[in-house]
Amino acid sequence: MSAVHVKRAFRFRFYPTGAQAAELLRTFGCVRLVYNRALAARSEAWTARGERVGYGATSAMLTAWKRTEELSFLTEVSSVPLQQALRHLQSAFSNFWQRRANHPRFKSKKRSRDSAEYTRSAFRYRDGQLTLAKMAGPLDIAWSRPLPEGAAPSTVTVSRDAADRWFVSMLCDDPGVRPLPAVDAAVGLDLGVTSLVTLSTGEKIPNPGHERGARKRLARAQRALARKAQGSANREKARRKVARIHAQSADRRRDHLHKLTTRLVRENQTVVIEDLAVRTLLRNRKLSRAIADCAWSELRAMLAYKCAWYGRELITVDRWFPSSRLCGGCGTVRASLPLNVRDWTCDCGAVHDRDVNAARNILAAGPAAAACGDGVGPQRSTPGGQSSMKQEVVPPPRSRAAARSRD
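Residues numbered from 1 in each chain as written. Predicted model: local features only at pLDDT ≥ 70, side-chain atom pairs only at ≥ 80, totals over all residues. Heavy atoms only, no water.

Under the annotation held in an unreviewed UniProt entry, the protein carries the name Transposase and is attributed to Kitasatospora griseola.

*Asks:* Now, about the UniProt feature "domain: Cas12f1-like TNB" (unreviewed entry) in the protein: what can you tell me, with residues and values included?
*Replies:* If you check UniProt for "domain: Cas12f1-like TNB" (unreviewed entry), the listed places come out as residues 296-362 in our numbering. This span, residues 296-362, is 34% helix and 16% strand, and a straight line between its end C-alpha atoms measures 16 Å. (UniProt positions renumbered as here; feature names shortened; annotations may be inferred. Helix = DSSP H or I, 4+ residues; strand = E, 2+ residues; numbered from the N terminus.)

*Asks:* Got a sec to walk through a positive patch on the surface? Specific residues and values, please.
*Replies:* On the surface, a cluster of positive charge is contributed by Lys-216, Arg-217, Arg-220, Arg-223, Arg-227, Lys-241, Arg-244 and Arg-252. Elements represented by at least two residues in the positive patch include exactly helix H5 (215-227) and helix H6 (233-267). Top contributing element to the positive patch by residue count: H5, with five residues. Residue placement: Arg-220 occurs in helix H5. (Patch = residues over 30% accessible without salt bridge, like charges linked within 9 Å, V, L, I, M, F, W, Y side chains within 5 Å. Areas by Shrake-Rupley, 256 points an atom, 1.4 Å probe, with all protein chains shown as cover. Salt bridge = Lys/Arg side-chain N within 4 Å of Asp/Glu carboxyl O. Lys, Arg positive; Asp, Glu negative; His and termini not counted. Charge placed at Lys NZ, Arg CZ, Asp CG, Glu CD.)

*Asks:* Can you lay out the pattern of salt bridges for me, pointing to particular residues and giving the numbers?
*Replies:* Applying the stated criterion across every chain yields a total of 24 salt bridges. One salt bridge in this structure joins Glu-211 and Arg-289, with 2.8 Å as the shortest N-O distance. Of this pair, Glu-211 sits in helix H4 (residues 210-213) while Arg-289 is found in helix H8 (residues 288-294), placing the two residues 78 residues apart along the sequence. Given the relative accessible area of 13%, Glu-211 is considered buried. Within this structure, Asp-161, Arg-165, Asp-251, Arg-254 and Glu-298 form a network of salt bridges that share partners. (Buried < 20%, exposed > 50% of the residue type's maximum accessible area, 1.4 Å probe, protein only.)

*Asks:* Tell me about the pairing of strand S8 (residues 186-191), residues and numbers included.
*Replies:* Of all six residues in S8, five are buried; the element is thus mostly enclosed. Where S8 meets strand S11 (residues 270-274), four bridges bridge the pair, whose relative direction is parallel. By the bridge assignment for S11, Val-187 is matched with Val-271. Two elements, S8 and strand S9 (residues 195-199), share three bridges in a ladder whose sense is antiparallel. Looking at the pairing, Leu-191 lines up with Val-197 of S9. Linking S8 to S9, which pair antiparallel, is a turn of three residues. (Pairing = 2+ DSSP bridges.)

*Asks:* For the sheet that holds strand S6 (residues 155-160), give the residues involved together with the corresponding values.
*Replies:* Strand order in this open sheet of five strands is S2-S6-S7-S1-S5, and the pairing throughout is antiparallel. In this open sheet, the two edge strands, each paired with only one partner strand, are strand S2 (114-119) and strand S5 (141-142). Pairing geometry for S2 and S6, over six bridges, is antiparallel. Across the sheet, Ala-116 pairs through a bridge with Val-158, a residue of S6. In this fold helix H1 (residues 18-49) packs onto strand S1 (7-14), S2, S6 and strand S7 (166-173), with an angle of close to 95° to the strand it touches most, S2. (Contact = heavy atoms within 4.5 Å. Axes fitted to C-alpha atoms, helices over the stretch in contact; angles between N-to-C directions.)

*Asks:* Any chance you could break down the nonpolar core for me, citing the residues and the numbers?
*Replies:* Judged by nonpolar contacts, the single largest core of 41 residues is most densely connected at Leu-24, Leu-130, Leu-132, Val-158 and Val-168. Elements with a minimum of two residues in this core: S1, H1, helix H2 (55-66), helix H3 (79-97), S2, strand S4 (129-132), S6 and S7. A total of nine residues in this core trace back to one element, the largest contributor, which is H1. Ranked by size, the runner-up nonpolar core spans 29 residues in total, among them Val-6, Leu-191, Trp-296 and Met-302. (Core = buried A, V, L, I, M, F, W, Y, C linked by side-chain atoms within 4.5 Å.)

*Asks:* Give me the UniProt feature "domain: Transposase putative helix-turn-helix" (unreviewed entry) in the protein: which residues, what numbers.
*Replies:* The residues that UniProt annotates with the feature "domain: Transposase putative helix-turn-helix" (unreviewed entry) are residues 6-50. Secondary structure across residues 6-50 divides into 71% helix and 18% strand, with the first and last C-alpha atoms of the span separated by 40 Å.

*Asks:* Help me get a handle on the pairing of S1, residues and values and all.
*Replies:* Of the pairings in the sheet, the one linking S1 to S7 comprises eight bridges and is antiparallel in character. Each residue of the ladder has a partner; that of Phe-12, found in S7, is Val-168. Relative to S5, S1 is paired through two bridges, and the arrangement is antiparallel. Its bridge partner being in S5, Arg-13 is matched across the sheet by Ala-142.

*Asks:* Got a sec to walk through helix H10 (residues 354-371)? Specific residues and values, please.
*Replies:* With 18 residues, H10 extends 26 Å from end C-alpha to end C-alpha; this agrees with the ideal 26 Å at 1.5 Å per step. Along H10, the helix axis deviates most sharply at Ala-365, where the bend reaches about 40°; the proline Pro-367 sits within four residues downstream. Among the residues of H10, Arg-354, Asp-355, Val-356, Asn-357, Ala-358, Ala-359, Asn-361, Ile-362, Ala-365, Gly-366 and Ala-369 are the ones counted as buried. For H10, the side-chain oxygen to backbone nitrogen distance between the N-cap and Asp-355 is 3.0 Å, and the N-cap itself is Asp-353. (Expected span 1.5 Å × (residues − 1). Bend = angle between axes of the 7 residues up to and from the residue. Polar contact = N/O pair within 3.5 Å; in protein donor to acceptor, adjacent residues only side chain to side chain.)

*Asks:* Talk me through the environment of Gln-129; I want residue IDs and the actual numbers.
*Replies:* The topology assignment puts Gln-129 in strand S4. Sequence-wise, Gln-129 and Ile-141 are 12 residues apart; in three dimensions their C-alpha atoms are separated by 8.2 Å.

*Asks:* Break down the packing of aromatic side chains for me, with residues and values.
*Replies:* Aromatic ring pairs are defined here through the distance separating the ring centres and the angle between the ring planes. Enumeration over the complete set of coordinates arrives at seven aromatic pairs. Directly above the ring of Trp-97 sits Arg-52, whose terminal nitrogen or CZ lies 4.1 Å from the centroid. Positioned above the aromatic ring of Tyr-35, the side-chain terminus of Lys-107 is 4.5 Å from the ring centre. (Phe/Tyr/Trp six-rings, centres within 6.5 Å; stacked < 30°, edge-to-face > 60°. Lys NZ or Arg CZ within 6 Å of the ring centre and 35° of its normal.)

*Asks:* For the packing of H5 against H6, give the residues involved together with the corresponding values.
*Replies:* To describe two helices that pack against each other, one gives the angle between their axes and the distance between the axes. Between H5 and H6, whose axes approach to 9 Å, the crossing angle comes to 160°. Between H5 and H6, the interaxial angle falls into the category roughly antiparallel. Two packed elements cross with a definite hand, and for H5 against H6 that hand is left-handed. For the pair formed by H5 and H6, the contact residues are Arg-217, Leu-218, Ala-221, Gln-222 and Leu-225 on the first element and Arg-235, Ala-238, Arg-239, Lys-241, Val-242, Ile-245, His-246 and Gln-248 on the second. (Parallel < 35°, antiparallel > 145°, perpendicular 65-115°, else oblique. Left-handed = near helix turned anticlockwise from the far one by under 90°.)

*Asks:* Explain the side chain of Ser-159 residue by residue, including any values.
*Replies:* Its place among the elements puts Ser-159 in strand S6. Relative accessible area serves as the criterion here: at 6%, Ser-159 is assigned to the buried category. A polar contact of 3.1 Å, which involves the side chain of Ser-159, links it to the side chain of Arg-113.

Pasting the structure below:
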């Protein structure tokens, strides 16, 4: 089978020297400053004059800023990450105008992830060593795996997370991605909290609960952080400890999802999954923490690009499809099915495990969803004010004031 042209990012951890860390931190600050100033200028132009300012105008603004005494320090860092920040802002506005994203927001020094992107003119990759602009020596990269043979990175993104770990991401053409041999198997997936994924074959994959497993250590570290004085070195150490616990849980969760999605894509030609309004589900105060730990959106995103890479088909079933309440034997739809009911018996005599039944119904609905398009239902409200939440999740209780105003 012929290879698929894939742009793939390879992420590695690296350990900068003191001089390299200082240079990168200075670059991060300049990137954030340029992005925020350009966003403010574009927002002001639209609010005051109804004028749209594009990338070309903000690039000219950057040149003018560098010539001022106040912002002359922008010339001390590489110009490429600053220009890339303006391009990213242009992309953010394009997504906003096309209703694919919210309005761009200002980058916070405390909350935003530090990162800078370098194009080919601002780095040198030779003999397995990467050297960035304005740096004398190469980065000390921990090569956990080799880059594709003969591949050279087109862009390099350097970042630092809240746990003070440094990463470099190299975007390369990967000629090794080839469609897998076709198989006859198809599988339906029902996502849940207790069982992360239930397959139409009857297999249940338990939820590892990485955040739940680290909850005691996290609570202890957060209490220690709260006792430290603001601005002290000990508080910064305690903050990094909290961030490391969060990062460890996220790394374990991502590793588990990669292994699970790779297995599903390798074993099945067609994967059918239910469309979920995850943002709406997270409003459930009782289950939001457990839902966030499942990372359903990340699982679906992994399935999407891996199916595209390896020649598989991913079908999404409408979120309004009553997968749990539908009898897979006679087709009767049950009026209601509380969350605590895990097994139920239909009037026709069929006994169902709610999760397995839902996964089989999702698989059966896959061909119809594929014939109608991607199977994603519209964002709407059902009669009776039902929210677009997963049927297995109980809506949060109304407040007393809301209940009084409605009743």
